[in-house]
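Here are the chains, one letter per residue:
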Amino acid sequence: MARPLPIALVFSFSLSYCRGVLRGISRYAADRDDWTLTPLAPGPDLAASLAAMKPQGIIAHIYDRRLAKILSALRRPVINVCGIMPQLSFPRIGIDDQQVGELAARHFLDRGLRSFACIGHPAHGASIARELSFRTTLLKNGCGSDRYHVNPAHPFDPTCTTPLLGKDIGTWLKALPRPTGIFCANDILASQVVEACRQHGVAVPEHVAILGVDNDDLLCGLARPPLSSIALPDQEVGVQAAIHLDRLLRGERKILAKPLLLAPLQVVARRSTDLSAISDAQVAQACGFIQAQAHRRLSVSDIAQVVGVGRRTLERRFRTVLGRSLAEEIRRCHVERAKALLADEHLSLATIAHRAGFGSAKQFATAFRATTGMTPRAFRQRR
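Residues numbered from 1 in each chain as written. Predicted model: local features only at pLDDT ≥ 70, side-chain atom pairs only at ≥ 80, totals over all residues. Heavy atoms only, no water.

Draft legend 1. Region of the structure containing the overall build of the protein chain. In terms of helices and strands, the protein chain carries 16 helices and 12 strands. Against the globule reference of 21 Å for 383 residues, the protein chain gives a C-alpha radius of gyration of 23 Å, in line with a compact fold. Principal-axis analysis of the C-alpha atoms gives the protein chain an extent of 75 × 55 × 35 Å. With 383 residues in all, the protein chain has 53% of them scored as buried. Taking contacts inside the protein chain between residues at least 6 apart in sequence as the whole, the part at least 24 apart equals 70%. Counting only carbon and sulfur atoms, one obtains 51% of the accessible surface of the protein chain, whose full area is about 17,800 Å². Looking at charge distribution, the protein chain has the averaged site of its 50 positive side-chain charges lying 4 Å from that of its 32 negative ones. (Helix = DSSP H or I, 4+ residues; strand = E, 2+ residues; numbered from the N terminus. Rg over C-alpha atoms; globule rule 2.2 N^0.38 Å. Buried < 20%, exposed > 50% of the residue type's maximum accessible area, 1.4 Å probe, protein only. Contact = heavy atoms within 4.5 Å. Areas by Shrake-Rupley, 256 points an atom, 1.4 Å probe, with all protein chains shown as cover. Lys, Arg positive; Asp, Glu negative; His and termini not counted. Charge placed at Lys NZ, Arg CZ, Asp CG, Glu CD.)

This is the structure we're talking about:
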């Protein structure tokens, strides 16, 4: 029997992202009989627990300097899966925050919004990168954006319980044009913004539409209204972290010269962004019909008939208002529905193709790859 390899997993278990990463590590370790996995919380007793455990390798969500110092002192291979402090020297596997910001901007733009804001932490690397990408994407589309930063002295709170918004948040929210799309750097912030809106009489989504990141099912479900959020490939982060730790334990040293960053999965739309700010009533009607009927095959002629205008007229107005064709919008909505269905591992690709309105599995695969850059099967494996 192989000599046991104790692996320390230093994570805050209240965070949905961390639990997803741990599931991915578990998936990889299922084929490594010599690995013994020990979860440890990053509390005041961590240093003593690590000294007693004597791990051979560590995977950690490193969000502050105290934790980084403790792990560095062990002189053991460490993989970091947190983007809050990207300047740390540990090999890092995480999320492509630039693509997160782009996806957030596109979600709001697709709803016809022209007023935008973002809320983040000015001292957190992931938040800074997401905000910069969000604002840059909007500028490329001719739109500016407002912003609200939490107090930079606030440390990261893995328990999700520390109030982060200042007393001025109500005044700031009320001063925003209506409607405004607000992008929050994570679900912790977004859920607190939803509550602030409720307390200050700002309607969600009618006055402000709110989007978070992490797709934490608990935080998103507890928010009133339920919170839209960007889902991340947390389990794949865990798998890749385990793979690269394994390589380090086998003696490889030249790995991850730069961070391995994985693209976000999709926006999981809930009530908090369920609005359309499209000024053209018939274009808005067409968009609503496409989204509602994304489970079946649609043609441009079908939509023109429902809206009650000529096909060419609707096409022209659609391009003028949204900058894309009706056919492109149909495909986008079909692909978004397929992304949601791919989360159910019991559904075959043929079944998903049918339920997402595609004529065949081949047509589904072609459209999905053209839109996302990957096959449906590869997308499913990243979850």
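On we go from here.
Draft legend 2. Local environment of the pattern of salt bridges. Across all of its chains, the model carries 15 salt bridges by this definition. For Arg332, the salt bridge identified is with Asp110, shortest N-O distance 3.5 Å. One end of the pair, Arg332, is in helix H13 (residues 326–341); the other, Asp110, is in helix H4 (residues 97–110), and 222 residues separate them in sequence. For Asp110, a relative accessible area of 7% puts it in the buried group. Here Arg147 makes a salt bridge to Glu131, at a shortest N to O gap of 2.9 Å. Remark: Glu131 occurs in helix H5 (residues 125–140) and Arg147 occurs in strand E7 (residues 146–149); sequence separation between them is 16 residues. Since its relative accessible area comes to 43%, Arg147 is described here as partly exposed. Taking relative accessible area as the criterion, Glu131 reaches 9% and is therefore assigned buried. Connected through salt bridges with shared partners, the residues Arg106, Asp110, Arg324, Glu329 and Arg332 form a single ionic network. (Salt bridge = Lys/Arg side-chain N within 4 Å of Asp/Glu carboxyl O.)

Draft legend 3. Layout of the environment of Ala343. Assignment of secondary structure puts Ala343 in the loop between H13 and helix H14 (349–355). Overall, Ala343 belongs to the partly exposed group, its relative accessible area being 42%. Placed 36 residues apart in sequence, Ala343 and Phe379 show a C-alpha to C-alpha distance of 9.5 Å.

Draft legend 4. Quick peek at the sheet that holds strand E1 (residues 5–10). Spatial strand order, E2-E1-E3-E4: 4 strands in an open sheet with parallel pairing. If you trace the sheet from one side to the other, it starts and ends with strand E2 (35–40) and strand E4 (78–80), each paired once. On average, adjacent strands in this sheet sit at an angle of 20 degrees to one another, irrespective of strand direction. In this sheet, E4 lies alongside strand E3 (residues 57–60) in parallel orientation, the contact comprising 3 bridges. Across the sheet, residue Ile58 finds its bridge partner in E4, namely Val78. (Pairing = 2+ DSSP bridges. Axes fitted to C-alpha atoms, helices over the stretch in contact; angles between N-to-C directions.)

Draft legend 5. Quick peek at the packing of H4 against H5. Look at H4 against H5: their axes get within 7 Å of each other, and the N-to-C directions meet at 45 degrees. On the basis of the axis angle, H4 is oblique to H5. In the crossing of H4 with H5, the sense of the turn from one axis to the other is right-handed. Each of Asp97, Gln98, Val100, Gly101, Glu102, Ala104, Ala105, Phe108 and Leu109 in H4 lies in contact with H5, whose residues at this interface are Ala126, Ala129, Arg130, Ser133, Phe134, Thr137 and Leu138. (Parallel < 35°, antiparallel > 145°, perpendicular 65-115°, else oblique. Left-handed = near helix turned anticlockwise from the far one by under 90°.)

Draft legend 6. Expanded view of unusual backbone geometry. With an omega dihedral of -5 degrees, the bond running from Arg178 to Pro179 counts as a cis peptide bond. Residue placement: Pro179 occurs in the loop between helix H6 (169–175) and strand E8 (180–184). With omega at 10 degrees, the peptide bond leading from Val204 into Pro205 counts as cis. The residue Pro205 is located in the loop between helix H7 (187–199) and strand E9 (208–213) in this model. Even without being glycine, Lys54 reaches a positive phi, approximately 55 degrees. If you trace the backbone, Lys54 turns up in the loop between helix H2 (46–53) and E3. On the basis of relative accessibility, which here comes to 61%, the residue Lys54 falls in the exposed class. Of note in the backbone geometry, Asp214 takes a positive phi value of approximately 120 degrees without being a glycine. You can see Asp214 is positioned in the loop between E9 and helix H8 (217–222).

Draft legend 7. Structural context of the packing of aromatic side chains. For the structure shown, the criterion picks out 9 aromatic pairs. Relative to Phe183, the ring of Phe134 has its centre 5.0 Å away and its plane inclined at 40 degrees; by these criteria the two rings are tilted. Highlighted residues: Phe134 in helix H5 and Phe183 in strand E8, separated in sequence by 49 residues. Residue classification places Phe134 among the buried residues on the basis of a relative accessible area of 0%. Owing to a relative accessible area of 1%, Phe183 belongs among the buried residues under this scheme. Plain terms: the ring middles of Phe368 and Phe379 are 5.4 Å apart, the flat faces sit at 75 degrees to each other, and that makes the pair edge-to-face. On the criterion of sequence distance, the pair formed by Phe368 in helix H15 (residues 361–372) and Phe379 in helix H16 (residues 376–382) is long-range, its members being 11 residues apart. For the pair Phe368 and Phe379, a shared accessibility class is recorded, and that class is buried. By the ring-pair criterion, three or more aromatic residues cluster together here, those being Phe108, Phe116, Phe134 and Phe183. (Phe/Tyr/Trp six-rings, centres within 6.5 Å; stacked < 30°, edge-to-face > 60°.)

Draft legend 8. Fine view of the state of the cysteines. Applying the stated criterion across every chain yields a total of 0 disulfides. With no disulfide partner, Cys118 has as its closest neighbouring cysteine sulfur the one in Cys184, 9.0 Å distant. Of the cysteine sulfurs around Cys184, a residue in no disulfide, the closest is that of Cys197, at 8.8 Å. Given a relative accessible area of 0%, Cys184 falls into the buried group. (Disulfide = S-S within 2.5 Å.)

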